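Structural description and commentary
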Amino acid sequence: MLRGHGFHLDTNGTSIHYGGMERKSITAERVKGADRTAMPRTLRAAWPALAGLAAVFLIEMLDTSVLNVALPTIARDLSASASELQWTSGSYALVFGGLMLAFGAVADRFGRRRVMLIGLAVFGLASLSILLVSSPIELIIVRVFIGIAAAMTAPGSMALSFRLFDDDALRVRATALISTVGLVGIAIGPTIGGLVLAVAPWQVLLLVNVPITLLAFLGIRFGIRADTTSELHRVPIDVLGALLGTAAIVLALLAPTLFVDLGAHDPWPWIVTVTAVAGLIGFLLRQRLAAHPLIDLALFQRPSVATGLTHQAALGLATAGLGYTVTLQLQLAWGWPPALAALGTLPQVLAMIAIGPLVERIVTKVGLDRAAAIGSAAVIVGLLAYALCGHYHYTFIAIALVLVAAGMRITMITATINVMRGLPADRTSIGAALNDTAQEIASGIGTAVVGIIIAASIAGALAGASWSPARTAAFQNSVTLGVLALTATSVVLLAIALIRTALDRNRDRTPAERASTGPTQQA
């Protein structure tokens, strides 16, 4: 029995209760047309599928972290310019973030497992083609195809892992397990990458994706059943909506990079931002007018979907500032060498890994909604500790990294479960894509805000000569201002999510239950 304040879920997945009022199980609706008795009752019973899904998450995390280590070597080997080197990693992020919604819609209509397997095949072939690369433009093309493959696999991985079980306790445990594997990849990726580069060419680092992709393909092919007809969304794809949505997301992800690189005085970041807003408005109008919209805007009116996405956006917005500024502070303001700065951020990854096995216990004790609130509170406290005390000593930075990492881990898992279980069975892939896209865009905006504030406070290039005390003080003040601004915005978003959750819980109670709580408790 999974219990929390006003919430418990029978472990057989047959009923959900809020404050004593029973609802029809959403899990029963999700698996209509499938044999529920065939669903695994333990993680061990689903090990082939979990191994495949964990491998998917591992290659998505390992690919980027390993590539970053190899960038200097790639620049020398391919004679790449700074701009070409930036697009080597940036092209992947833009394609990945921009196409997730479109491929989420495709997966809901043509089969999540089918699209996942095609994406894995593309991922493996694109990684293998690295052997043919001899110029920066060829590497960028390969990275674009890898980004397309990642956009095909990312929404399906969450949808398939959610559908694998009909019990929220197992879903939380499985999500924690799958994401922990990816986080381990982030933790060990740079170290392993550096060791490999000492004895082998950089191409070997990207070829590692091939056997991992094969493992993922086999685990999903033989561990997860194919979608049934009742689980597919049988309406035409809104092609115009997909194009508008992709363009708006790509431009929204590109704009923060331009603000940071070119500065707010340059017209191009503003042109891209205005175009992104126009694309978003066009996309929303299309979704309201289309007979079969890419995203049914009514989904956002579902309480668990709306609150889950709000949590993801708030955390992406706030934590982007921390991730962007800590490395700059350690290397530029404090003069740490890159290797030591990498070790300085290690507490964040270690905390994420360590908190994973505890998430289920926290959810079991307090429930999904309160677990999300606890995680959000930890993130806010960590950000405040960094903004107000991080410039005094590294100890405060380490504390902030641990608090933010632990809080993010709890909140992201619970928010994802909330989003997924609030969706109809035929919209899970588009829901997973929305979940990831909300965080990606919010993270880009957060980075841009802090980057603009820092650029406005410090004249000249950041990586210039040794910093004077005045320059260091200006940098620290801009970091404090930027992180506090993002934290305040996140607090507002999280407060909206908590209020909506409380109102939804109160609405589900019977009049007798609301009366018995008394006006003080209701308030």
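**What about the overall build of the protein chain?**
- Helix and strand content of the protein chain: 18 helices and 4 strands.
- If you take every contact in the protein chain between residues at least 6 apart in sequence, the share linking residues at least 24 apart comes to 81%.
- Of the roughly 22200 Å² of accessible surface on the protein chain, 69% is carried by carbon and sulfur atoms.

**Some details on the packing of aromatic side chains**
- In the structure shown here, the tally under the stated rule is 3 aromatic pairs.
- For the pair tyrosine 92 and phenylalanine 96, a centre-to-centre distance of 5.8 Å together with 15° between the ring planes defines the contact as stacked. Taken as a pair, tyrosine 92 and phenylalanine 96 lie in helix α3 (residues 82–110) at a separation of 4 residues, close to a single helical turn.
- Residues tryptophan 334 and tryptophan 336 carry aromatic rings whose centres are separated by 6.1 Å and whose planes lie at 50° to one another, so their mutual orientation is tilted.
- Counting every residue linked through ring pairs, the aromatic cluster contains Trp334, Trp336 and Tyr394.
- It is arginine 221 that lies over the ring of phenylalanine 222; its NZ or CZ is 5.1 Å from the centre.

**A short note on a nonpolar patch on the surface**
- Taken together, the side chains of Leu125, Leu128, Leu131 and Leu132 make up a nonpolar region of the molecular surface, amounting to roughly 460 Å² of accessible area.
- Checked against the element boundaries, leucine 128 lands in helix α4 (residues 112–128).
- For leucine 128, a relative accessible area of 43% translates into the label partly exposed.

**Overview of the packing of helix α15 (residues 394–421) against helix α16 (residues 428–457)**
- As a packed pair, α15 and α16 sit with axes 9 Å apart at the nearest point and diverge in direction by 145°. Where α15 crosses over α16, the two elements pack in a sense that is right-handed. Here Met412, Thr416, Val419 and Met420 of α15 come into contact with α16, specifically with Thr428, Gly431, Ala432, Asn435 and Gln439.
- Its residues placed into classes, the contact of α15 with α16 shows 4 nonpolar, 5 polar and no charged.

**Comments concerning the nonpolar core**
- By size, the foremost hydrophobic cluster in this structure holds 92 residues, and its most contacted members are Leu50, Ile74, Phe165, Trp202 and Ile220.
- Broken down by element, this core gets its largest block of residues, 15 residues, from helix α2 (residues 47–78).
- Those residues within four positions of isoleucine 74 in sequence are excluded, and the remaining contacts are Leu67, Ser79, Leu85, Leu139 and Trp202.
- Grouped together as the second largest cluster of nonpolar side chains are 32 residues, Leu322, Leu328, Leu383 and Ala442 included.

**Remarks on helix α5 (residues 136–164)**
- Here α5 contains 29 residues, and its C-alpha end-to-end distance of 41 Å stays within 8% of the 42 Å for a straight helix at 1.5 Å per residue.
- The buried count for α5 comes to 23 of 29 residues, which makes it a mostly enclosed element.

**Some remarks on the pattern of salt bridges**
- Summed over all chains, the structure comprises 5 salt bridges.
- For arginine 112, the salt bridge goes to aspartate 108, with nearest N and O atoms at 3.0 Å. Like aspartate 108, arginine 112 is buried.
- Its salt-bridge partner being glutamate 360, residue arginine 173 comes within 2.6 Å of it at the nearest N-O pair. Pair noted here: arginine 173 is in helix α6 (residues 168–199) and glutamate 360 is in helix α13 (residues 346–366), with a separation of 187 residues, a long-range link.

**Observations concerning the environment of glutamate 138**
- Following the sequence through the fold, glutamate 138 ends up in helix α5.
- Between the C-alpha atom of glutamate 138 and that of threonine 88, which follows or precedes it by 50 residues, the distance is 9.7 Å.
- With residues up to four places along the chain from it excluded, the contact list for glutamate 138 reads Leu132 and Val133.

**Things to note about helix α8 (residues 209–223)**
- Here α8 spans 20 Å end to end across 15 residues, near enough to the 21 Å set by a 1.5 Å rise per residue.
- Taken together, the buried positions of α8 are Asn209, Ile212, Thr213, Ala216, Gly219 and Ile220. Taken down its axis, α8 places every buried residue within 130° of arc, on the same side. In α8, the exposed residues that point more than 90 degrees away from the buried face are Pro211, Leu214 and Phe222.
- As for α8, its buried residues are in contact with α2, α4, α5 and α7 (203–207).

**Side note on the confidence of the model for the protein chain**
- Put simply, the protein chain has an average pLDDT of 80, and 87% of its residues get 70 or more.
- Confidence over residues 516–523 falls short of pLDDT 50; this stretch has 5 contacts with residues more than four positions distant or in other chains.

**Quick word on the layout of surface pockets**
- In this structure, the second largest pocket occupies an estimated 870 Å³ of space.
- Taken together, 31 residues form the lining of the second largest pocket, with Ala252, Leu280, Ala438, Ile441 and Ile445 sitting closest to its centre.
- Among the secondary structure elements, those contributing two or more residues to the lining of the second largest pocket are α9 (239–262), α10 (267–289), α11 (303–333) and α16.
- Broken down by element, the residue count for the lining of the second largest pocket peaks at 9 residues, all from α16.

Conventions adopted
Residues numbered from 1 in each chain as written. Predicted model: local features only at pLDDT ≥ 70, side-chain atom pairs only at ≥ 80, totals over all residues. Heavy atoms only, no water. Helix = DSSP H or I, 4+ residues; strand = E, 2+ residues; numbered from the N terminus. Contact = heavy atoms within 4.5 Å. Areas by Shrake-Rupley, 256 points an atom, 1.4 Å probe, with all protein chains shown as cover. Phe/Tyr/Trp six-rings, centres within 6.5 Å; stacked < 30°, edge-to-face > 60°. Lys NZ or Arg CZ within 6 Å of the ring centre and 35° of its normal. Patch = residues over 30% accessible without salt bridge, like charges linked within 9 Å, V, L, I, M, F, W, Y side chains within 5 Å. Salt bridge = Lys/Arg side-chain N within 4 Å of Asp/Glu carboxyl O. Buried < 20%, exposed > 50% of the residue type's maximum accessible area, 1.4 Å probe, protein only. Axes fitted to C-alpha atoms, helices over the stretch in contact; angles between N-to-C directions. Left-handed = near helix turned anticlockwise from the far one by under 90°. Nonpolar A, V, L, I, M, F, W, Y, C, P; charged D, E, K, R; others polar. Core = buried A, V, L, I, M, F, W, Y, C linked by side-chain atoms within 4.5 Å. Expected span 1.5 Å × (residues − 1). Arc of directions from axis to C-beta. pLDDT = per-residue confidence, 0-100. 1 Å grid on protein atoms, 1.4 Å probe; cavity = no way out; pocket = protein on both sides within 12 Å on 5 of 7 lines; lining within 4 Å. Points joined across faces, edges and corners; volume = space filled by probe spheres on them.

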